[in-house]
Amino acid sequence: MYFGTPPLVIQTPTVASVLFAHGHLLRYDDKQFAIGKPYPPLATLYAAAHLRAQGHEVALYDPMLDKDTSGFTHALDRARPDLVVLYDDAFNWFTKMCLGRMRVAARALCAEAHARHLPVIVGGHDAADDPETYLDAGASFVIVGEAELTLGELVARISAAGVPKATDRGDSGASTDAQPSANGAARAFDDINGLVFRERGFVRKTTPRRLLQDLDELPLPAWDLVDMDRYRTFWKQRHGYFSLNMVTTRGCPYKCNWCAKPVYGNTYHSRSPVNVVEEMRLLRTTYAPDHLWFCDDILGLKTKWLAAWSQEVSSQGLATPFLCQTRADLMTDENVRALRVAGCAEAWLGAESGAQAVLDAMDKGITVDQIRAAAGRLRAVGIRVGLFLQFGYPGEGWSEIQATRALVRDVRPDDIGISVSYPLPGTRFYERVRERLGEKHNWDQSTDLDPLFPGVFSRDFYQTLARTVHAEFRTRRGARAALTMIGDPLRTDGAGLRSAVDLRHAGRWIVERARLQMARRGESN
């Protein structure tokens, strides 16, 4: 069953059986597994819905909650697909980091499908940054940019020609050319925009595809492919509630020079408020989530859109507690009120630093005062505040680090996330430090906190800094909650009790603070 506006439908003479998969496992990142908030691969579900709307048969291998990728073999046996599509969730920052363990997993899936002589199509952030890595692993095609339309055209072409069978890789390990078909007739893919493939041993890149202007043309994600009971059980056991993910927009028009945007660039396109509400109704009716995560890079960029959507959500009685990411300079009184009416329970701000000089060097386009004001407005209407923090940007020294720590103390967010400046290919930041990069270009997992280039401080220093800031934050949060319990016990709820328990981090804070001072002195000598 399909919901929403009529999807783009391309008539194809032959129906293909397509198995979608991805290589992102929660257990492959210690930090994310500890946080324990997994979501279905939303972008993958969009792509699957698009192919199904064209008449193809689709299935999903989703290893997010698995211990490893061994289940892929069974998925291939069950689905017996004509081709495999490895498609990352481009809406999840977890995949945007292009972590080494995930790349290894994705390449292994690619190689296994190739070993079965199945054509493999790959799409996602990492593949867009380094397509040859996936071609070498056995992929027939890599899609660069927004992938649904490119994928639809490519599968239609393959179906029309008769599904080709991949041959063995050569001695170099590189996959063979994509152009031979099952009957040996030459097929050209040059007219399909957004592709990378090998032809006669050379890597070919076709014209970039123009991004979709009207996102309502796409069908709603193929949610029925997801094992919802498994996700619900995981969430309930870890957190006592069940959350699902949605997206209202694609892209971000801002130009922070460290932010990788291999798919959407600096564009920003929105679904209509009515279309978004329709999906909210579908999720609420069919899967009954207690909570939503709007995984837009920025929710609330356009005030008129936000107001219209908020009103539509309220009028339909669909207000659901949700988490979102946004910018400090967008948190006007009007936008904050609209978020609250729509159900916003928690908003994360990309604060990054408490030092204005660092924000300016990042081309962040916000001020420290705006961060403080945004947090105050959100808290005033009962919305929890999260701050993303980033240490290690070039030019940041001890005084700038101290300014960021002071910002956390002053703003008193409900939660924080800490990272170290991470040079991703395609960014101006990457080009700036490229000549100083060592052999390691990617983190293995998000706990690495490795600067990857020589800077003021070492990896060990930043890991100690992260532990110190987290311990201090939790201790102070616990102290505030404990004081509230003592002063007004009737105001204490479950969240307050959980926060009060954070006082247990006081000892760790003392120890880590001492280690940080020792590390600083050691690296200053």
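Whatever comes next refers back to the structure up there.
For every chain, the first residue of the written sequence is number 1, and numbering continues from 1 along that sequence. Only residues with pLDDT of at least 70 get local features here, since the model is predicted, and only at 80 or more are side-chain atom pairs given and counted; chain-wide, interface and lining totals rely on the full set of residues. Heavy atoms from the whole structure form the basis of all side-chain values; hydrogens and water molecules are not counted.

*Asks:* Where do I start with the sheet that holds strand S2 (residues 57-61) in this structure?
*Replies:* The pairing of strands in a sheet comes from backbone hydrogen bonds and takes either a parallel or an antiparallel form. Read from one edge to the other, the open sheet built from seven strands follows the order S2-S1-S3-S4-S5-S6-S7, with strand pairing classed as mixed. Here the strands that pair on one side only, and so sit at the sheet edges, are S2 and strand S7 (202-205). In this sheet, adjacent strand axes meet at a mean angle of 25° when their direction is disregarded. Should DSSP find at least two bridges between two strands, the strands are regarded as paired. Put simply, DSSP H or I for four residues or longer makes a helix, DSSP E for two residues or longer makes a strand, and each gets a number counted from the N terminus. In terms of strand pairing, strand S3 (residues 83-87) meets strand S4 (residues 120-123) through four bridges, oriented parallel. By the bridge assignment, Val85 is partnered in S4 with Ile121. Geometry is summarised by axes, namely lines fitted to C-alpha atoms with helices restricted to the contacting stretch, and by angles between N-to-C directions that run from 0 to 180 degrees.

*Asks:* I'm lost on the sheet that holds strand S15 (residues 415-420) in this one. Help?
*Replies:* Overall, parallel pairing links the six strands, which are arranged S8-S11-S12-S13-S14-S15 in an open sheet. On the outer flanks of this sheet lie strand S8 (243-246) and S15, each paired with one strand and no other. Neighbour-to-neighbour, the strand axes of this sheet turn through a mean angle of 20°, independent of strand direction. Taken strand by strand, helix H10 (residues 273-286) contacts S8 and strand S11 (291-294), and its axis lies near 155° from that of S8. A contact between two residues is defined here by any heavy atoms of the two lying within 4.5 Å.

*Asks:* Looking at this model, I keep getting lost on the pattern of salt bridges. Mind explaining?
*Replies:* Pairs can form between side chains of opposite charge whenever their charged atoms are close. Note on definitions: salt bridges are taken to be side-chain nitrogens of Lys or Arg within 4 Å of carboxyl oxygens of Asp or Glu. Counting across every chain of the model gives 32 salt bridges. A salt bridge links Asp414 to Arg384; its shortest N-O distance comes to 3.9 Å. Within this pair, whereas Asp414 is found in the loop between helix H15 (398-411) and S15, its partner Arg384 is found in strand S14 (residues 384-391), the two being separated by 30 residues in sequence. A residue is classified by how much of its surface remains accessible, and Asp414, at 21% relative accessible area, is partly exposed. You can call Arg384 partly exposed: its relative accessible area is 34%. A salt bridge links Arg504 to Asp502, with the nearest nitrogen and oxygen atoms 3.8 Å apart. Each member of the salt-bridge network shares a partner with another, and the members are Asp190, Glu199, Arg200 and Arg204. Here the term buried applies to any residue with accessible area under 20% of the maximum for its type, exposed to any over 50%, and partly exposed to those in between, with areas from a 1.4 Å probe on protein chains only.

*Asks:* Help me out: how do you make sense of unusual backbone geometry in this one?
*Replies:* Both trends apply: most residues other than glycine have a negative phi, and most peptide bonds are in trans. Its identity as a non-glycine residue notwithstanding, Arg80 has a phi of 45°, on the positive side. Here Arg80 shows up in the loop between helix H3 (71-79) and S3. Given the relative accessible area of 67%, Arg80 is considered exposed. Not every positive phi belongs to a glycine, and Glu352 is a case in point at roughly 70°. One can find Glu352 in strand S13 (residues 344-352).

*Asks:* Explain the packing of aromatic side chains to me, please; I cannot follow it from the model alone.
*Replies:* To describe a pair of aromatic rings, you give the distance between the ring centres and the angle between the ring planes. Ring geometry is summarised as follows: Phe, Tyr and Trp rings, the Trp one being its six-membered ring, pair when their centres sit within 6.5 Å, and such pairs are stacked at plane angles under 30 degrees, edge-to-face over 60 and tilted between the two. Under the definition given, this model contains 19 aromatic pairs. Taken together, Tyr39, Trp235, Tyr241 and Trp293 form an aromatic cluster joined through their ring pairs. The ring of Phe33 carries Arg238 above its face, with NZ or CZ at 4.8 Å from the centroid. Counting as a charge over the ring demands two things of the Lys NZ or Arg CZ atom: a distance within 6 Å of the ring centre and an angle within 35 degrees of the ring normal. Between the NZ or CZ atom of Arg327 and the centre of the ring of Tyr254, over which it lies, the distance is 3.6 Å.

What is shown is where atoms sit, not what they do.
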